[in-house]
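The lines below spell out each chain.
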Amino acid sequence: MSLRFTFLTCMLIALVAFLQYRLWFDTDGLAEMARLKKELIVQQQTTLNLKQRNEALLLSIKQLKENTEVKEERARDELGMIKKGETFYQVVK
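Residues numbered from 1 in each chain as written. Predicted model: local features only at pLDDT ≥ 70, side-chain atom pairs only at ≥ 80, totals over all residues. Heavy atoms only, no water.

S.K.: I tried to follow the overall build of the protein on my own but got confused; where do I start?
M.R.: If you tally the helices and strands in the protein, you get three helices and zero strands. When the helices and strands of the protein are read in sequence order from the N terminus, they spell out α-α-α. For a compact globule of 93 residues, the expected C-alpha radius of gyration is about 12 Å, and the protein comes in at 33 Å, more than 25% above that figure. With the principal axes as the frame, the protein shows a C-alpha extent of 110 × 35 × 10 Å. By element, 63% of the accessible surface of the protein is carried by carbon and sulfur atoms, the whole surface being about 9200 Å². (Helix = DSSP H or I, 4+ residues; strand = E, 2+ residues; numbered from the N terminus. Rg over C-alpha atoms; globule rule 2.2 N^0.38 Å. Areas by Shrake-Rupley, 256 points an atom, 1.4 Å probe, with all protein chains shown as cover.)

S.K.: Even after reading the chapter, I still don't get the pattern of salt bridges, so can you show me in this structure?
M.R.: Opposite charge on two side chains makes pairing possible when the charged atoms of those side chains draw close. Scanning the entire structure with this criterion turns up six salt bridges. Note that arginine 35 and glutamate 32 form a salt bridge whose closest N and O atoms lie 2.7 Å from each other. Taken together, the residues arginine 35 and glutamate 32, both in helix α2 (residues 30–66) and three residues apart, mark about one turn of the helix. On the basis of relative accessible area, arginine 35 is assigned to the partly exposed category, the value being 41%. Glutamate 78 serves as the salt-bridge partner of arginine 74, at 3.1 Å between the closest nitrogen and oxygen. Taken together, the residues span about one helical turn, with arginine 74 and glutamate 78 both in helix α3 (residues 68–79) at a distance of four residues. (Salt bridge = Lys/Arg side-chain N within 4 Å of Asp/Glu carboxyl O. Buried < 20%, exposed > 50% of the residue type's maximum accessible area, 1.4 Å probe, protein only.)

S.K.: Just to check I follow, could you spell out the environment of phenylalanine 25 for this structure?
M.R.: Mapping phenylalanine 25 onto the fold places it in helix α1 (residues 2–25). The exposure class of phenylalanine 25 is exposed, given its relative accessible area of 62%. In this structure, the C-alpha to C-alpha distance between phenylalanine 25 and glutamate 86, residues 61 residues apart in sequence, is 73 Å.

S.K.: It is not clear to me how the packing of α2 against α3 should be interpreted in this structure. Could you clarify?
M.R.: What describes two packed helices is the angle between their axes and the distance between those same axes. Relative orientation of the contacting elements α2 and α3 amounts to 110°, with a least axis distance of 5 Å. The angle between the axes of α2 and α3 places the two elements in the roughly perpendicular class. Only Thr68, Val70, Lys71 and Arg74 of α3 make contact with α2, whose side of the interface consists of Ser60, Gln63, Leu64, Lys65 and Glu66. Classifying every residue of the contact of α2 with α3 gives two nonpolar, three polar and four charged. (Axes fitted to C-alpha atoms, helices over the stretch in contact; angles between N-to-C directions. Parallel < 35°, antiparallel > 145°, perpendicular 65-115°, else oblique. Contact = heavy atoms within 4.5 Å. Nonpolar A, V, L, I, M, F, W, Y, C, P; charged D, E, K, R; others polar.)

Structure, rendered in C-alpha cells:
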C-alpha cells in the first residue's frame, strides 16, 4: 500500500509541476496573456487616435462642403491662390 501511495503522490506532483510549467512558461500561458494585454492596450490607443483623426477630417470635409469662406481660406493658405483683381505681396525676411 505504501508503494502505491508513493507512486500516486509522485505522479500527482509531476502532473502539478507540468501544469504549472504550462501555466507560467508555455506559449499559451500567463506570460503570453500579459503580452497580449499590453498589445491590446496599444492597439486600443491607436484606434482611439485614428478615430479622433477621422472625426477631424470629417468635420473639415463638412466645413469645405458647406462654407465657401473655408474653401477660399484653404485655397489661399495651401495653394497660394488669389482672387481676380487682388494684388499679391510676398514679404521676404
